[in-house]
Amino acid sequence: MDTTPERALLDQILLRHQVEQFYNAVAEMLDSRQFDAWLDILTEDVRYWMPLTITKAHGTWEEEHTREGLALNWFDEGKFELEQRVRQIETGLHWAEEPVSRTSHMFSNLQVTDNGETLSTRCRFLIYRNRTETETDFFVGKRNDTLRRDGTSFKIAAREIFLDQNVLLAKNLTLFF
């Protein structure tokens, strides 16, 4: 087995490329409303969490997001809750998704850490959403994921979403990050 620094770098580049391709496929699933396919790439014990962002004074940045279990969050869901959200959207009767939203999910600044059984990833995201003639929303922030290997691909075991805006201007949060 080749353990040279060059081989380690090549392995790291290949892994990052594989994660990028996975995230490109995930973005396509969400943008083309393939929600069942998206649910399939979530582990059964997935945790999908998005705290609120709070404006804090200089020097107190570590307190700019609400704490798990201690304060309100935009999302703190498992697979069951995510499935219920998808089913609600699919009824065609969901007030916030009739007519449906058009979205574009973009990510950048991807960092991947191989922990053996899992991968830790960090990236930045931009999600554009348009609905009807006048509703346009932008969601910008950071995302931390825990991925589990699944054959030649991955499954999302945890997703932490940190919005950069502290005031949500969108009328709803029916989209997935």
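Up top is the structure these notes are about.
Residues numbered from 1 in each chain as written. Predicted model: local features only at pLDDT ≥ 70, side-chain atom pairs only at ≥ 80, totals over all residues. Heavy atoms only, no water.

Bringing helix α1 (residues 5-31) into the picture now. The end-to-end C-alpha distance of α1, which contains 27 residues, comes to 39 Å, matching closely the 39 Å that a straight helix rising 1.5 Å per residue would cover. Buried within α1 are the following residues: L15, V19, F22, Y23, V26, A27, M29 and L30. Residue R33 follows α1 closely and has a positive phi angle near 60°. (Helix = DSSP H or I, 4+ residues; strand = E, 2+ residues; numbered from the N terminus. Expected span 1.5 Å × (residues − 1). Buried < 20%, exposed > 50% of the residue type's maximum accessible area, 1.4 Å probe, protein only.)

Applying the stated criterion across every chain yields a total of 15 salt bridges. Across the pair K79 and E44 runs a salt bridge, and its minimum N-O distance is 3.1 Å. One end of the pair, K79, is in helix α3 (residues 79-90); the other, E44, is in strand β1 (residues 42-51), with 35 residues separating them in the sequence. Its relative accessible area of 8% is what places K79 among the buried residues. Residue classification places E44 among the exposed positions, given a relative accessible area of 67%. With its nearest N and O atoms 2.8 Å apart, the salt bridge here joins R87 to E90. In this pair, R87 and E90 are both assigned in helix α3, three residues apart and thus about one turn of the helix distant. Residues participating in the shared-partner salt-bridge network are D36, R87 and E90. (Salt bridge = Lys/Arg side-chain N within 4 Å of Asp/Glu carboxyl O.)

The relative placement of two aromatic rings is captured by the distance of their centres and the angle of their planes. Enumeration over the complete set of coordinates arrives at 12 aromatic pairs. Sitting over the ring of Y23, R143 keeps its end group 4.8 Å from the ring centre. (Phe/Tyr/Trp six-rings, centres within 6.5 Å; stacked < 30°, edge-to-face > 60°. Lys NZ or Arg CZ within 6 Å of the ring centre and 35° of its normal.)

Okay, the pairing of strand β3 (residues 102-114) next. The sheet contact formed by β3 and strand β4 (residues 118-131) spans 11 bridges and is antiparallel. Bridging from a neighbouring strand, F107 pairs with F125 of β4. Between β3 and β4, which follow one another and run antiparallel, lie three residues, and G116 among them has a positive phi close to 90°. (Pairing = 2+ DSSP bridges.)

Turning our eyes to something else, we now look at the nonpolar core. Grouped together as the largest cluster of nonpolar side chains are 36 residues, with contacts concentrated most on W38, F139, F176 and F177. Elements with a contribution of two residues or more to this core: α1, α2 (35-40), β1, α3, β3, β4, β5 (135-150) and β6 (153-163). Counting residues per element, this core draws most heavily on α1, which supplies seven residues. For F139, the contacting residues outside a window of four places in its chain are F125, L126, I127, R129, L163, Q165, L168, A170, N172, L173, L175 and F177. (Core = buried A, V, L, I, M, F, W, Y, C linked by side-chain atoms within 4.5 Å. Contact = heavy atoms within 4.5 Å.)

Turning our eyes to something else, we now look at the pairing of β4. When β4 meets β5, the two strands line up antiparallel, connected through 14 bridges. Across the sheet, the residue bridging to R124 is K142, located in β5. As consecutive antiparallel partners, β4 and β5 are separated by three residues, and within that stretch T132 has a phi angle of approximately 55°, a positive value.

Turning our eyes to something else, we now look at the environment of T103. Mapping T103 onto the fold places it in strand β3. Considered as a pair, T103 and R33 are 70 residues apart in the sequence and their alpha carbons are 9.1 Å apart. Leave out the neighbours within four places in its chain, and T103 touches L30, D31, Y128 and R129. Of the polar contacts made by the side chain of T103, one reaches the side chain of D31; its length is 2.8 Å. (Polar contact = N/O pair within 3.5 Å; in protein donor to acceptor, adjacent residues only side chain to side chain.)

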